[in-house]
Amino acid sequence: MHPPEDILLSFVSGEADLARRALIEGHLDGCPDCRASIRSLSVPGARLLAGMPGKAADSAGSSGLWDRLRARVAEIGPPPSFETSPLAQYPVPAGALRELGDRSGVEPQWRFAGTIGAAFTILSRDAGTGAMLLLGRIKPAKFFPEHRHAGLEEILILRGGFEDQYGDFTAGMYTSYEPGTVHRPWIDEQEPCWMLSRLEKPVEFLGWRGVAQRMLGN
């Protein structure tokens with residue numbers, strides 16, 4: 001279970017938003033196959049840059065640009081340590097933590113996720129796409145309530161796993177659910193399931209939970 005090529009390409013090209021970058025970086029930490037795919041997808045851009053005429057680049061002021069960039073990097077200094085981040089106590093991959101930046105002063109605000117034993121916290125919300133990055137946890141041996149996806153959801157399993165009619169998903173796997181998908185995941189019995197999710201729109205619960213969700217406006 002790996003991100004498809006179009007998702008990886010959006011990551012390589014810089015078009016991916018923060019939530020997607022965090023998921024991809026987290027997956028890359030443990031997936032040599034996708035790291036190789038990233039390198040392969042990066043080759044055309046690298047060749048294009050390498051083939052640019054040196055004099056034309058100089059006349060465009062590229063050398064001055066690089067000098068300014070080096071100076072700016074020196075001002076910023078080394079990247080922050082994530083060991084003191086509140087997120088360090090949870091199974092969030094190092095790659096995802098790097099994308100999220102220094103969150104040393106941000107305590108996760110856990111919210112009820114529709115059933116006893118399930119909670120989530122919002123790590124980011126993209127102003128452009130509206131996509132949210134969620135860190136979620138669900139106790140073992142539980143069904144997550146049946147729900148419909150109103151928008152695309154991308155998931156990276158961090159620990160534990162779940163199964164539904166689409167497959168059996170375990171730690172390190174990436175999967176996605178298209179808008180309109182309906183499912184009721186069963187959480188593995190051995191340990192809690194932890195996951196990072198990029199959610200474009202809130203899910204719509206079915207049954208009495210859906211009625212309550214609509215009444216509360218959530």
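Rules used in this analysis
Residues numbered from 1 in each chain as written. Predicted model: local features only at pLDDT ≥ 70, side-chain atom pairs only at ≥ 80, totals over all residues. Heavy atoms only, no water. Helix = DSSP H or I, 4+ residues; strand = E, 2+ residues; numbered from the N terminus. Buried < 20%, exposed > 50% of the residue type's maximum accessible area, 1.4 Å probe, protein only. Phe/Tyr/Trp six-rings, centres within 6.5 Å; stacked < 30°, edge-to-face > 60°. Lys NZ or Arg CZ within 6 Å of the ring centre and 35° of its normal. Pairing = 2+ DSSP bridges. Salt bridge = Lys/Arg side-chain N within 4 Å of Asp/Glu carboxyl O.

## Thoughts on unusual backbone geometry
- With a phi angle near 55°, Ala-141 is a residue other than glycine that sits in the positive phi range.
- Considering the arrangement of structural elements, one finds Ala-141 in the loop between β3 (132-138) and β4 (147-148).
- With a relative accessible area of 37%, Ala-141 lands in the partly exposed category.

## A short note on the packing of aromatic side chains
- This model, assessed by the stated rule, comprises 7 aromatic pairs.
- An angle of 80° between the planes, with centres 6.0 Å apart, marks the rings of Trp-110 and Trp-194 as edge-to-face. One end of the pair, Trp-110, is in the loop between α6 (94-100) and β1 (111-112); the other, Trp-194, is in strand β11 (residues 193-199), with 84 residues separating them in the sequence.
- Assessed through its relative accessible area of 26%, Trp-110 is described here as partly exposed.
- Through a chain of ring-to-ring contacts, the aromatic side chains of Tyr-90, Trp-110 and Trp-194 assemble into a single cluster.
- Taking the ring centre of Trp-110 as reference, the NZ or CZ of Arg-137 above it sits at 4.0 Å.

## Overview of the sheet that holds strand β10 (residues 186-187)
- Here we have 3 strands laid out as an open sheet, ordered β7-β6-β10, and antiparallel in their pairing. Unpaired on one side and paired on the other, β7 (167-170) and β10 mark the two borders of the sheet.

## Examining the pattern of salt bridges
- Evaluation of the coordinates by the stated rule reveals 7 salt bridges.
- Taking the shortest distance from any N to any O, the salt bridge between Asp-17 and Arg-198 comes out at 2.9 Å. Here Asp-17, found in the loop between α1 (5-12) and α2 (18-28), pairs with Arg-198, found in strand β11; they are 181 residues apart in sequence, far enough to count as distant. We note that Asp-17, like Arg-198, is buried.
- Put simply, Arg-20 and Glu-154 hold a salt bridge, and the shortest N to O gap is 2.7 Å. In this pair, Arg-20 sits in helix α2 while Glu-154 sits in strand β5 (residues 153-159), placing the two residues 134 residues apart along the sequence. Summarising the burial analysis for this pair, Arg-20 and Glu-154 share the class buried.
- Salt bridges linked by common partners bring Asp-17, Arg-20, Glu-154, Arg-198 and Glu-200 together as one network.

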